[in-house]
2 protein chains.
Amino acid sequence: MTGEHSSKQYDQELEAIRSKVLLMGGMVETQFEAALECFRVGDSARADRVMADDQAVNQLEVQLDDACSHLIVRRQPTANDLRTVMASIKVITDLERIGDEASKIARTSKSLYERGGSTFAHYDMIKTIAKATCELLHNALDAFARLDGKQALELIAADEGIDHEFRTILRNLITFMMEDPRTISSALDTLWVAKAIERIGDHAKNIAEYVIYVVEGRDIRHSKPLATEQPAP
Amino acid sequence: MTGEHSSKQYDQELEAIRSKVLLMGGMVETQFEAALECFRVGDSARADRVMADDQAVNQLEVQLDDACSHLIVRRQPTANDLRTVMASIKVITDLERIGDEASKIARTSKSLYERGGSTFAHYDMIKTIAKATCELLHNALDAFARLDGKQALELIAADEGIDHEFRTILRNLITFMMEDPRTISSALDTLWVAKAIERIGDHAKNIAEYVIYVVEGRDIRHSKPLATEQPAP
């Protein structure tokens, strides 16, 4: 039923979806980096741009979901191709949420600087987690672009370091707040930013897991054994 | 190509997916309510059960994604049926994350009570947001079960009330912490619980949006117009 011409067109359609997912990935990466810069130096106009860009990311999510549906209807992909489409549908959701978190960082930065900034080095507190998470996101998108299962597997461990760093930040901020209650508002802003970064790390880890699903055809999410046989109804 | 027998089987398969999504919905609802009860009265064994139940929810996510893939390959659904499958894939992700948030509430409750509880009425602070979010989640699952687009549309507005309530809680907790820095640790625990509830509200809203997508065939997510024509590259 499928001639050479139509099969080539099919490959192009699948590739177009993958490229657009990567475009969306590049957009949220830029958004995330810009949001961190807003938190570092405070730039109200730039924070507004980060939030405005989120609308474009959201539109791309809707377009891409639609493209995936259409491809399924018209091309009826099987096996490996279907895994690519399924993984794309999931990755799109994670990318959209990364965009949301970047917007939250921009919004929080804006309100922090509007209240006059903080009395402590708030950016230094999140520098390590921010750097590790930027790298994780970049590498997860890279693994998705090259469908590199080995790289993806390595990234999943990197997310644990991010969670650990988040708990360190939390402890430090609690100490700050206890020592000087006047820092509470800006310490909480820093905490929201750290939390948003930690979540971006989670989403990047999800992307790495979907790469493994595409490449190896196995679903490694939640791969620990069941603790209970049957949950309460 | 499709005889009456096989068409009936197809309907049954699609219905089986929908029922299993609803089963998963019921599981996370129970998990969420149990987690809130842990936060109210402190029950370490129960908190452990909530966290253990999350593994069963996670397994169901993987099974359901797999069932959706198989249905797409073997049945090649079109139009309305494909929308149902696509919406199920997305709803499953939201349900799994609701389970994650419920686990976090259980874990936070456990650590709060292990440190001797709080000196303020921590449960009262989140009572209103908890009640509104339980209702929203229940109604969103109900709208999904009955494919009721009208009900789903009403729910989306309800989520705004939840976000507003969260900001009120945040302000109150900041006041507490400023007045008495010894409350900081338990105030932060209360804040994490409130934040997890607010996120569960977001996920419930997502489910309502997917119901509208199935029923009306239009994607109402991010339905505001684009603020920028083209995002920065």
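Predicted model only: the values in this text are computed from it and were never measured.

(A) Here's a closer look at the interface of chain B and chain A. The interface of chain B with chain A comprises 55 residues on the first partner and 55 residues on the second. Overall, the association of chain B and chain A removes approximately 5,000 Å² of surface from exposure, summing both partners, and the carbon and sulfur fraction of that is 62%. Of all residues in chain B, the largest losses of buried area upon contact with chain A belong to Arg 97, Trp 192 and His 222 of chain B, amounting jointly to 13% of the total for that side. Linking chain B to chain A there are six salt bridges. Taking the shortest distance from any N to any O, the salt bridge between Glu 101 of chain A and Arg 199 of chain B comes out at 3.0 Å. At the junction of chain B and chain A, the tally comes to 10 residue pairs in polar contact (both at pLDDT 80 or more). Looking at the side of chain B that touches chain A, the elements that each hand over two or more residues are helix H1 (4-41), helix H2 (44-75), helix H3 (79-114), helix H5 (149-179) and helix H6 (184-216) of chain B. Of the residues forming the side of chain B that touches chain A, the biggest block, 12 residues, is contributed by H2 of chain B. In terms of residue class, the side of chain B that touches chain A is built from 28 nonpolar, 13 polar and 14 charged.

(B) Up close: the pattern of salt bridges. Under the criterion given, the structure shown has 34 salt bridges over all chains. Arg 115 of chain A is the salt-bridge partner of Asp 189 of chain A, the closest N and O atoms lying 2.8 Å from each other. Of the two residues, Asp 189 of chain A is situated in helix H6 (residues 184-216) and Arg 115 of chain A in the loop between helix H3 (79-114) and helix H4 (122-146); the sequence distance between them amounts to 74 residues. What makes Arg 115 of chain A partly exposed here is its relative accessible area of 47%. The partner of Arg 182 of chain B in a salt bridge is Asp 180 of chain B, with the nearest N and O atoms 3.0 Å apart. A residue is classified by how much of its surface remains accessible, and Arg 182 of chain B, at 71% relative accessible area, is exposed. Among the charged side chains, a salt-bridge network with shared partners connects Glu 13, Arg 74 and Arg 75 of chain A.

(C) Spotlight on the state of the cysteines. All told, the structure shown has zero disulfides over all chains when counted by the stated rule. A disulfide-free cysteine, Cys 38 of chain A has its sulfur positioned 13 Å from the sulfur of Cys 134 of chain A, the nearest such atom. For Cys 38 of chain A, a relative accessible area of 1% translates into the label buried. Not engaged in a disulfide, the cysteine Cys 68 of chain A finds its nearest cysteine sulfur in Cys 68 of chain B; these two sulfurs lie 14 Å apart.

(D) The arrangement of the packing of H4 of chain A against H6 of chain A in detail. Residues and elements named next belong to chain A. At a closest axis distance of 9 Å, the pairing of H4 and H6 adopts a crossing angle of 15 degrees. Judged on the interaxial angle alone, H6 and H4 are roughly parallel. Relative to H6, H4 is oriented so that their crossing is left-handed. Along the contact surface, H4 presents His 122, Met 125, Ile 126, Ile 129, Ala 130, Thr 133, Leu 136, Leu 137, Ala 140, Ala 143 and Phe 144, while H6 presents Thr 190, Val 193, Ala 194, Ile 197, Glu 198, Ile 200, Gly 201, Ala 204, Ile 207, Ala 208 and Val 211. Taken together, the residues that form the contact of H4 with H6 break down as 17 nonpolar, four polar and one charged.

(E) How the structure looks around H2 of chain B. Taking 1.5 Å of rise per residue, the 32 residues of H2 of chain B would be expected to cover 46 Å, and the 46 Å separating its terminal C-alpha atoms lies within 8% of that figure. Just past H2 of chain B, the residue Gln 76 of chain B takes up positive phi, approximately 45 degrees.

What counts and how
- Residues numbered from 1 in each chain as written.
- Chains lettered and ligands numbered in written order.
- Predicted model: local features only at pLDDT ≥ 70, side-chain atom pairs only at ≥ 80, totals over all residues.
- Heavy atoms only, no water.
- Contact = heavy atoms within 4.5 Å.
- Buried area = accessible area lost by both parts, 1.4 Å probe.
- Salt bridge = Lys/Arg side-chain N within 4 Å of Asp/Glu carboxyl O.
- Polar contact = N/O pair within 3.5 Å; in protein donor to acceptor, adjacent residues only side chain to side chain.
- Helix = DSSP H or I, 4+ residues; strand = E, 2+ residues; numbered from the N terminus.
- Nonpolar A, V, L, I, M, F, W, Y, C, P; charged D, E, K, R; others polar.
- Buried < 20%, exposed > 50% of the residue type's maximum accessible area, 1.4 Å probe, protein only.
- Disulfide = S-S within 2.5 Å.
- Axes fitted to C-alpha atoms, helices over the stretch in contact; angles between N-to-C directions.
- Parallel < 35°, antiparallel > 145°, perpendicular 65-115°, else oblique.
- Left-handed = near helix turned anticlockwise from the far one by under 90°.
- Expected span 1.5 Å × (residues − 1).

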